[in-house]
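# Structural overview
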Amino acid sequence: MNISENIKEFYSELPQNVTLVAVSKTKPVSDLMEAYNAGQRIFGENKIQEMAGKWQEMPKDIQWHMIGHVQRNKVKYMAPFVSLVHAVDSLKLLKEINKEAKKNDRTINCLLQIKIAEEDSKFGMDEADAADLLASEEIKKFQNIKIVGLMGMATFTDDEEQVKSEFQHLKQIYDKFKTKNPDLNILSMGMSGDYKIAIENGSNMVRVGSAIFGERNYNE
Ligand SMILES: *Cc1c(COP(=O)(O)O)cnc(C)c1O
């Protein structure tokens, strides 16, 4: 696996409006540095403490994205530096992120995770709950967070038509929400196995791990 060649290939292939998040979970800092030296500055991790450790060790011009499910009691470890939280799925979690962001005198950008997959295991809110959250009075009081888009994961399947229809569904929700919430600008969908379908269907941020860094020993 040649990480720096993979990074360069992605940049030659991806449309200009699509942001590449290099998903480096479980990978050693030496692998991340190879991507960094090839020009990559956005990394995605799914465990807060692992991300915090890498943040401490690595150059400070990196943007760290938390792409995994967030436990509220760990928000404090990422609040000083995280640049985007992809998988927000409750008002309670937003409240905690707002509180910790405030302590650090920051505003933390967040995406709402919408459940589009068939599998029960995927986290996320349904459309109605997300709409209610965006329109709620509570959210307006949170001065230290900003909802800047939506994130979703398709079902893990070889059935491309199903993946496509799930991504189209999320794009429709995104377009609908955008009419009332013009701050929404990010649609995070697509991983190594399905990023092409995601981009064809409106994604502007892809989260790619194994296609850059190689297979992981364990999966999350
Ligand atoms: C691990 C992970 C990815 C990247 O997966 P790959 O298949 O290795 O590209 C993307 N998004 C989330 C939420 C993940 O947990």
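Residues numbered from 1 in each chain as written. Predicted model: local features only at pLDDT ≥ 70, side-chain atom pairs only at ≥ 80, totals over all residues. Heavy atoms only, no water.

### Considering the overall build of the protein
Broken down by element type, the protein carries 10 helices and eight strands. Taken over C-alpha atoms, the radius of gyration comes to 17 Å for the protein, in line with the 17 Å a tight globule of 220 residues would show. In terms of principal-axis extent, the alpha carbons of the protein reach across some 50 × 45 × 30 Å. Across the 220 residues in the protein, those meeting the buried criterion constitute 52%. Across the protein, contacts joining residues at least 24 apart in sequence account for 59% of those joining residues at least 6 apart. Per element, the accessible surface of the protein, about 11,000 Å² overall, is 46% carbon and sulfur. Charged side chains of the protein number 29 positive and 33 negative; the gap between the two group centres comes to 8 Å. (Helix = DSSP H or I, 4+ residues; strand = E, 2+ residues; numbered from the N terminus. Rg over C-alpha atoms; globule rule 2.2 N^0.38 Å. Buried < 20%, exposed > 50% of the residue type's maximum accessible area, 1.4 Å probe, protein only. Contact = heavy atoms within 4.5 Å. Areas by Shrake-Rupley, 256 points an atom, 1.4 Å probe, with all protein chains shown as cover. Lys, Arg positive; Asp, Glu negative; His and termini not counted. Charge placed at Lys NZ, Arg CZ, Asp CG, Glu CD.)

### Some details on unusual backbone geometry
Residue Thr26 is not a glycine yet carries a positive backbone phi of 70°. Mapped onto the fold, Thr26 is located in the loop between strand E1 (19-23) and helix H2 (29-37). A relative accessible area of 27% places Thr26 in the partly exposed class.

### A closer look at a negative patch on the surface
A contiguous patch of negative charge, built from Glu118, Asp158, Asp159, Glu160, Glu161 and Glu200, is present on the exposed surface. Structurally, Asp158 is set in the loop between strand E6 (145-152) and helix H8 (160-180). (Patch = residues over 30% accessible without salt bridge, like charges linked within 9 Å, V, L, I, M, F, W, Y side chains within 5 Å. Salt bridge = Lys/Arg side-chain N within 4 Å of Asp/Glu carboxyl O.)

### As for the packing of aromatic side chains
In this structure the tally under the stated criterion is three aromatic pairs. Between the aromatic rings of Phe43 and Trp64, the centroid separation amounts to 5.8 Å while the plane-to-plane angle is 35°, which identifies the pairing as tilted. Of this pair, Phe43 sits in strand E2 (residues 42-45) while Trp64 is found in strand E3 (residues 63-66), placing the two residues 21 residues apart along the sequence. Trp64 shares its class with Phe43; the two are buried. Aromatic pair Trp55 and Phe81: ring centres 4.2 Å apart, planes at 5°, arrangement stacked. Of the two residues, Trp55 sits in helix H3 (residues 48-57) while Phe81 sits in the loop between helix H4 (75-78) and strand E4 (84-88), which places them 26 residues apart along the sequence. Residue Phe81 is classed as buried on the basis of its relative accessible area, which comes to 9%. Here Arg41 stacks its cationic end above the ring of Tyr36, 3.5 Å away from the centre of that ring. (Phe/Tyr/Trp six-rings, centres within 6.5 Å; stacked < 30°, edge-to-face > 60°. Lys NZ or Arg CZ within 6 Å of the ring centre and 35° of its normal.)

### Quick look at the site of the ligand
Around the ligand lies a shell formed by Val23, Lys25, Ile67, Met151, Met153, Met191, Ser192, Arg207, Val208, Gly209, Ser210 and Arg216. Within the contact set of the ligand, an oxygen atom lies 2.5 Å away from a side-chain nitrogen or oxygen of Ser192. Protein coverage of the free-state accessible area of the ligand, which is 390 Å², stands at 91%. Taken together, the residues that form the shell around the ligand break down as six nonpolar, three polar and three charged. (Near = heavy atom within 4 Å. Polar contact = N/O pair within 3.5 Å; in protein donor to acceptor, adjacent residues only side chain to side chain. Nonpolar A, V, L, I, M, F, W, Y, C, P; charged D, E, K, R; others polar.)

### Some words on the environment of Glu96
When you line up the elements, Glu96 lands in helix H5 (residues 91-103). Ignoring any residue separated from it by four or fewer positions in sequence, one finds Glu96 in contact with Arg72 and Val75.

### A closer look at the side chain of Ser4
The topology assignment puts Ser4 in helix H1 (residues 3-13). According to the relative accessible area criterion, Ser4 is buried, its value standing at 19%.

### Structural notes on the side chain of Lys54
As for its placement among the helices and strands, Lys54 is situated in helix H3. Residues in contact with Lys54, not counting those within four places in the same chain, are Ser24, Lys25, Thr26, Lys27, Val29, Leu32, Glu45 and Trp64.

### Considerations on the UniProt feature "modified residue: N6-(pyridoxal phosphate)lysine" (unreviewed entry) in the protein
As recorded in UniProt, the feature "modified residue: N6-(pyridoxal phosphate)lysine" (unreviewed entry) lies at Lys25. Positionally, Lys25 belongs in the loop between E1 and H2. (UniProt positions renumbered as here; feature names shortened; annotations may be inferred.)

### Digging into helix H6 (residues 127-135)
Helical geometry: 3.6 residues make up each α-helical turn, so side chains three or four residues apart lie on a common side. Among the residues making up H6, those that are buried are Ala130, Leu133 and Leu134. Each buried residue of H6 lies within a common arc of 95° when the element is viewed along its axis, so the set occupies one face. Facing away from the buried side of H6 by more than 90 degrees, the exposed set consists of Asp132 and Ala135. (Arc of directions from axis to C-beta.)

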